[in-house]
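Each chain, written out:
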Amino acid sequence: MRTFRIAPSILSADFSCLGQEVRDVIAAGADIIHFDVMDNHYVPNLTIGPMVCEAIRPHSAAPIDVHLMVKPVDSLAAAFAKAGADIITFHPEASEHVDRTLGLIKDAGCKAGLVFNPATSLSYLDHVMDKIDMVLIMSVNPGFGGQKFIPHALDKVREARRRIDEYTAKHGGEIWLEVDGGIKADNIRAVAEAGADTFVAGSAIYGQDNYKTVIDAMRAELAQLS
C-alpha cells in the first residue's frame, strides 16, 4: 500500500509572514513543505533563494522539498543543502551533467530527484535510477502558480510509475513519485490512481481560509483508494 504525502507549495503563501504560514500548514496536516526556486532564466519568474530556506528551517517540523527551476544547477543545489533542504530536485535539461549533479546533492546529505516538464522525455531516467529518490512530474509548465492541470500529464505519471516499480522490484529501495501543478481535491484521486504518491498543491491550499479543511478533503479523496 502506498503512503500518500501532501506537500503545500509556499509559492502561494503570504510572504509577509512566511514562518507562520509554514507552521500553520504543518499544523493543518501537511507532510512536506514544497519550496519553489525560480531564477528568471530557466523559467520566466523570480522567487526565493537559500537564505529564505535557512530562515524557515526552524519553523518546519516537516521535510523541505526544494524544486530548483534554475540553470546552472550545481552551485545553488549545494547552497540549499547547506541551508537545510531535505530533498532537492532539478530539471535534467538544466544540468550539464545530470549524474554528477545528483551525486553532489546526495553527497551533501539530501535526497535527490529529477523534474520532468510536460514536454520533457522520461528517458533521462534510463541512466540514473540508482541515484534517484524522487521523480517529479510537472502537470503545468513551470514558472507560475495557479495554473490549470494538464490532463495528459496523467499518461506521464503512469509511465513514471511503471519505470519506478520495475526498477525497485529488481533493485529494492524507494523512489517517490511527486506531481506538481493544478492539484486540487477534485483531481487528486485521479492523479493517485495514475501512480503518484506525493502531491504538491499551492493555491488550492494557501488560497483558502482554512488549510485543514482543504488538506482533509484531499486526504478523504485519497482514502477512497485504500
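All figures in this text were calculated on a predicted structure; none of them were measured in a lab.

**Some details on the UniProt feature "active site" (unreviewed entry) in the chain**
(1) Moving on: Using the residue numbers shown here, the UniProt feature "active site" (unreviewed entry) corresponds to Asp36 and Asp180. Spanning 145 residues, the named residues form one tight spatial group whose C-alpha atoms are at most 10.5 Å apart.
(2) Moving on: Position of Asp36 relative to the elements: it lies in strand E2 (residues 33-38).
(3) Moving on: We classify Asp36 as buried; its relative accessible area is 5%.
(4) Moving on: Sequence-distant contacts of Asp36, that is, excluding residues within four places in its chain, are made with Ser9, Leu11, Thr47, Ile48, His67, Met69 and Asp180.
(5) Moving on: At a separation of 2.6 Å, a polar atom in the side chain of Asp36 contacts the side chain of Ser9.
(6) Moving on: The residues contacting Asp180, other than those within four sequence positions of it, are His34, Asp36, His67, Leu136, Ile137, Met138, Ser139, Val140 and Val200.
(7) Moving on: Reaching out from Asp180, the side chain makes a polar contact with the side chain of His34 at a distance of 3.4 Å.

**A short note on the pairing of strand E5 (residues 111-116)**
A regular strand places its side chains so that they alternate between the two faces of the sheet.
(1) Moving on: Burial analysis of E5 places 5 of its 6 residues in the buried class, the great majority of the element.
(2) Moving on: Bridge analysis of strand E4 (residues 87-90) against E5 gives 4 bridges, and the strand direction is parallel. Following the sheet pairing, Phe90 is matched in E5 by Leu114.
(3) Moving on: Each parallel crossover has a hand, and for E4 linked through helix H4 (residues 98-107) to E5 it is right-handed.
(4) Moving on: Bridge count for E5 against strand E6 (residues 134-138) is 4 bridges, and the pairing is parallel. Directly across from Gly113, in E6, lies its bridge partner Met134.

**What about the sheet that holds E4?**
(1) Moving on: Across the sheet, 8 strands lie side by side as E1-E8-E7-E6-E5-E4-E3-E2; this open sheet has parallel pairing. The open sheet has two edge strands, strand E1 (5-8) and E2, and neither has a second partner. Across the sheet, the mean angle separating the axes of adjacent strands is 25° when strand polarity is ignored.
(2) Moving on: Strands E4 and E5 of the sheet are contacted by H4, whose axis makes an angle of about 140° with E5.

**Describing the UniProt feature "binding site: a divalent metal cation" (unreviewed entry) in the chain**
(1) Moving on: Taken from the UniProt record, the annotation "binding site: a divalent metal cation" (unreviewed entry) applies to His34, Asp36, His67 and Asp180. Spanning 147 residues, the named residues form one tight spatial group whose C-alpha atoms are at most 10.5 Å apart.
(2) Moving on: Within the element layout of this structure, His34 appears in strand E2.
(3) Moving on: Classification of His34 as buried rests on a relative accessible area of 0%.

**Looking at the nonpolar core**
(1) Moving on: By size, the foremost hydrophobic cluster in this structure holds 67 residues, and its most contacted members are Ile10, Phe35, Val66, Leu68, Ile88 and Val135.
(2) Moving on: Residues contacting Val66, with those up to four places away along its chain left out, are Phe35, Val37, Cys53, Phe80, Ala85, Ile87, Ile88 and Thr89.
(3) Moving on: Residues Ile87, Met134, Trp176 and Val200 belong to the second largest nonpolar core, which totals 6 residues.

**Here's the deal with helix H5 (residues 153-171)**
(1) Moving on: In this model, H5 (19 residues) spans 27 Å end to end at C-alpha, consistent with the 27 Å of a helix rising 1.5 Å per residue.
(2) Moving on: Buried within H5 we find Ala153, Leu154, Lys156, Val157, Ala160, Arg161, Arg163, Ile164 and Thr168.
(3) Moving on: The inward-facing, buried residues of H5 contact E5, E6, strand E7 (176-180) and helix H6 (188-194).
(4) Moving on: Gly172 occupies a position one or two residues after H5 and carries a positive phi of about 80°.

Parameters and conventions
- Residues numbered from 1 in each chain as written.
- Predicted model: local features only at pLDDT ≥ 70, side-chain atom pairs only at ≥ 80, totals over all residues.
- Heavy atoms only, no water.
- UniProt positions renumbered as here; feature names shortened; annotations may be inferred.
- Helix = DSSP H or I, 4+ residues; strand = E, 2+ residues; numbered from the N terminus.
- Buried < 20%, exposed > 50% of the residue type's maximum accessible area, 1.4 Å probe, protein only.
- Contact = heavy atoms within 4.5 Å.
- Polar contact = N/O pair within 3.5 Å; in protein donor to acceptor, adjacent residues only side chain to side chain.
- Pairing = 2+ DSSP bridges.
- Right-handed = clockwise from strand over helix to strand, strands pointing away.
- Axes fitted to C-alpha atoms, helices over the stretch in contact; angles between N-to-C directions.
- Core = buried A, V, L, I, M, F, W, Y, C linked by side-chain atoms within 4.5 Å.
- Expected span 1.5 Å × (residues − 1).

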